[in-house]
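# Reading the structure
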Amino acid sequence: MHPRHEFYMKIVAKLLKARMISGRQALTLLQTLSTMYRRNITSRVRNSNLFYGKYKVDPTDDNELPWSQDEFRSEFRFSKADIPPLVSALRLPSFIITPERYQMGATEALCVTLRRLSQQDSWQNVKDTFPHRRLTHLKSVFYFVIDHISREFGHLLSLDHPLDHNELHYWSRKILEKGCPYENVCMFVDGKDWAIMNPPKPTGAMKSPFYSGHHHKDELHNLIFASPDGIIRYASPLVQGRLSDASQMLKWRVVDVLEPKLQPTCATEKPYRVYSDSGFGLSKTVMTPLSKPRNGFLGSRDAWLNKVMSSEREEIEHVVGKPGIYFKRVYNLRIFDQAPGFIITAAIILTNCYHCLHRSQTSYYFDCIVPELEDYLNGIALPLRDERVSCDKRVDVSGVGVQWMKTDADDES
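Throughout, residues of each chain are indexed from 1 in the direction in which the sequence is written. Only residues with pLDDT of at least 70 get local features here, since the model is predicted, and only at 80 or more are side-chain atom pairs given and counted; chain-wide, interface and lining totals rely on the full set of residues. Calculation of side-chain values draws on the structure's entire complement of heavy atoms; hydrogens and water are dropped beforehand.

## Remarks on the pairing of strand 6 (residues 232–235)
Within a regular strand, the side chains alternate between the two sheet faces. Pairing between two strands is assigned when DSSP locates at least 2 bridges connecting them. By definition, any uninterrupted DSSP run of H or I lasting at least four residues is a helix, any uninterrupted run of E lasting at least two residues is a strand, and each is numbered from the N terminus. In the sheet, strand 5 (residues 217–226) pairs with strand 6 via three bridges, with the strands oriented antiparallel. Residue pairing in the sheet places Ala226 in a bridge with Ile232 of strand 6. Hairpin connection, strand 5 to strand 6: the antiparallel pair is bridged by five residues, and Gly230 has positive phi, about 85°.

Structure follows, in structure tokens:
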């Protein structure tokens, strides 16, 4: 290399180290110099330690992401203003070093992860978005960030994670105000299927153990509990698609785990409940729609109750389907070489983060307060006052509507 070219490279590197120019401006400057002296020094600098290794410069600057607002939201689902607080809340290191010794800044690493999750396309398309990175580099960083999010925040989706009683009371009150005829319904549960690609089959078997007879495809399955503020609170471990919702409830002992958490703090109150569809078994904690008697019909009152609760549950089903809408990569994963458990867990966590930054339609429907991003990831409950509803909604005997009636406490006062 000519001494003059090396001198220009050192000047640009010093400007990058001092943060006087961004990575994109540095590349433009080097391309201009390359054109002036008819020497392609840009390609040499991109792969040299002077640009990426020695000074550890992130070419995707936090303040100057090389995409427009519309392109960024289309490619990465989040807005450009969401990236800095998201990097801080996820506790990503400022400079990532993967086990394969690849290096990348936290902002660009998160953008690579969001780009891979948002679209169901090949790695080559991801590389076209980041042309200055090698394919192995992008894969290593993607799985590093996925592993970090799943291990650091996966406990937020575990059944062992505690529930705040003020939040339970707040959710049940919001559901009650929206027209729920039942008392103390605080959450909804629904089954979620995740399609997979080419699972292994036992020798001589016609179908794999992941085949679901209900959906007629190979899939993984789990249970998702969602609250009326649009946040997924619990997600059970993934199981084979042949298991039904009721079988998963028994397998993970969901009723035994949730029952002590849903007990009220006051002895005069009723325990909180979780509402589900008819595929779940009825228990003290889980409520299901009313079923018609054998060789009979539902009465007008029972049919009205099911219709009201169906409209409430429909809003929660939107929340259950959001991870697959925002991040299409969660579908058609391979079982043994793509870590579907980690990817799906990270996608659910990122979906909750998105709903903390941008309220979902479910939170608007129930008029619920959404937790702050930092509070949610740190497991901090909402600062709610422990207020009690002074009146209950009782079901009218005729099944026409709901009427307000005073409680016993109001009569005593």
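Picking up after the structure, the text goes on.
## Some words on the environment of Ser360
Position of Ser360 among the secondary structure elements: in the loop between helix 14 (340–357) and helix 15 (361–366). Take Ser360: its relative accessible area is 6%, and that puts it in the buried class. Each C-alpha atom, one on Ser360 and one on Gly230, is 6.0 Å from the other, the two residues being 130 residues apart in sequence. Leave out the neighbours within four places in its chain, and Ser360 touches Asp229, Gly230 and His355. Buried means the residue's accessible area, taken with a 1.4 Å probe over protein chains only, is under 20% of the maximum for its type, while exposed means over 50%, and partly exposed covers the values in between. The criterion used for residue contact is that any of the two residues' heavy atoms lie within 4.5 Å.

## As for helix 12 (residues 254–261)
Of the residues making up helix 12, those classed as buried are Val254, Leu258 and Lys261. All buried residues of helix 12 lie within an arc of 50° about the axis, which places them on one face of the element. Buried-residue contacts for helix 12 involve helix 10 (165–177), strand 5, strand 6, helix 11 (245–251) and strand 8 (273–275). For this quantity, the arc is that covered by the directions from the helix axis to the C-beta atoms.

## A word on the pattern of salt bridges
Oppositely charged side chains are able to pair whenever their charged atoms sit close together. In what follows, salt bridge is the name for a side-chain nitrogen of Lys or Arg lying within 4 Å of a carboxyl oxygen of Asp or Glu. All chains considered together, the criterion is met by 12 salt bridges. The partner of Asp256 in a salt bridge is Arg253, with the nearest N and O atoms 2.9 Å apart. Judged by its relative accessible area of 43%, Asp256 is partly exposed. In this structure, the salt-bridge partner of Asp302 is Arg301, at a minimum N-O distance of 3.6 Å. Where salt bridges share partners, they join Glu75, Arg115 and Asp121 into one cluster.

## Quick word on the packing of aromatic side chains
Any two rings among Phe, Tyr and Trp, with Trp reduced to its six-membered ring, count as a pair given centres within 6.5 Å; such a pair is stacked if its planes are under 30 degrees apart, edge-to-face if over 60, and tilted if neither. Per the stated rule, a full pass over the model turns up 14 aromatic pairs. When the ring of Phe225 is compared with that of Tyr234, the centres are 6.0 Å apart and the planes differ by 80°; the resulting orientation is edge-to-face. You'll find Phe225 and Tyr234 in the same group, each marked buried. Pairing Tyr326 with Tyr354 gives two aromatic rings, centres 4.8 Å apart and planes at 55°, and the pair type is tilted.

## Looking at the nonpolar core
Here the nonpolar core consists of buried residues drawn from Ala, Val, Leu, Ile, Met, Phe, Trp, Tyr and Cys, with membership extended through side-chain atoms lying within 4.5 Å. One finds Leu90, Phe225, Ile349 and Leu377 to be the most contacted residues of the largest nonpolar core, which totals 94 residues. Residue contributions to this core peak at 10 residues, all from helix 14. Excluding residues that lie within four positions of it along the chain, Phe225 makes contacts with Leu159, Phe188, Val189, Ile231, Ile232, Arg233, Tyr234, Val254, Leu258 and Val274. Counting five residues, the second-largest nonpolar core is a separate cluster that includes Val12, Leu16, Ile21 and Ala26.

## Focus on the packing of helix 13 (residues 300–326) against helix 14
The interhelical angle for the contact between helix 13 and helix 14, taken along N-to-C directions, is 105°, at an axis separation of 9 Å. Taken together, the axes of helix 13 and helix 14 are roughly perpendicular relative to one another. Along its contact with helix 13, which presents Lys322, Pro323 and Tyr326, the element helix 14 presents Ile348, Thr351, Tyr354 and His355. Every axis in this analysis is a line fitted to C-alpha atoms, fitted for helices over the stretch in contact. Angles between the N-to-C directions lie between 0 and 180 degrees. Oblique is the label for every angle not falling under 35 degrees (roughly parallel), over 145 degrees (roughly antiparallel), or within 65 to 115 degrees (roughly perpendicular).

## Considerations on the confidence of the model for the chain
The share of residues in the chain with pLDDT of 70 or more is 82%, and the mean pLDDT across the chain is 81. pLDDT is defined as a per-residue confidence score from the predictor, taking values between 0 and 100. Scored below 50 in pLDDT, residues 38–63 makes 62 contacts in the model with residues more than four places away or belonging to other chains. Note on residues 385–413: pLDDT under 50 across the span, and 47 contacts to partners over four residues away in sequence or across chains.

## Things to note about the pairing of strand 3 (residues 185–195)
With 11 of 11 residues buried, strand 3 lies mostly within the body of the structure. Bridge analysis of strand 3 against strand 5 gives eight bridges, and the strand direction is antiparallel. Among the inter-strand pairings, Lys192 is bridged to a residue of strand 5, identified as Asn222.

## A closer look at the packing of helix 7 (residues 106–118) against helix 9 (residues 135–153)
Relative to each other, helix 7 and helix 9 sit at 90°, their axes nearing to 9 Å. Taken as axis vectors, helix 7 and helix 9 run roughly perpendicular relative to one another. Listed contacts from helix 9 to Ala109, Val112, Thr113, Arg116 and Leu117 of helix 7 are Leu138, Val141, Phe142, Val145 and Ile146. Residues are grouped as follows: Ala, Val, Leu, Ile, Met, Phe, Trp, Tyr, Cys and Pro are nonpolar; Asp, Glu, Lys and Arg are charged; all remaining types, including Gly, are polar. Of the residues in the contact of helix 7 with helix 9, the class split is eight nonpolar, one polar and one charged.

## Thoughts on unusual backbone geometry
The phi dihedral of His216 is positive, around 60°, even though this residue is not glycine. Relative to the assigned elements, His216 resides in the loop between strand 4 (211–212) and strand 5. For His216, a relative accessible area of 57% puts it in the exposed group.

## So, the environment of Gln119
Residue placement: Gln119 occurs in the loop between helix 7 and helix 8 (123–129). A C-alpha to C-alpha distance of 6.6 Å links Gln119 and Phe327, two positions 208 residues apart in sequence.

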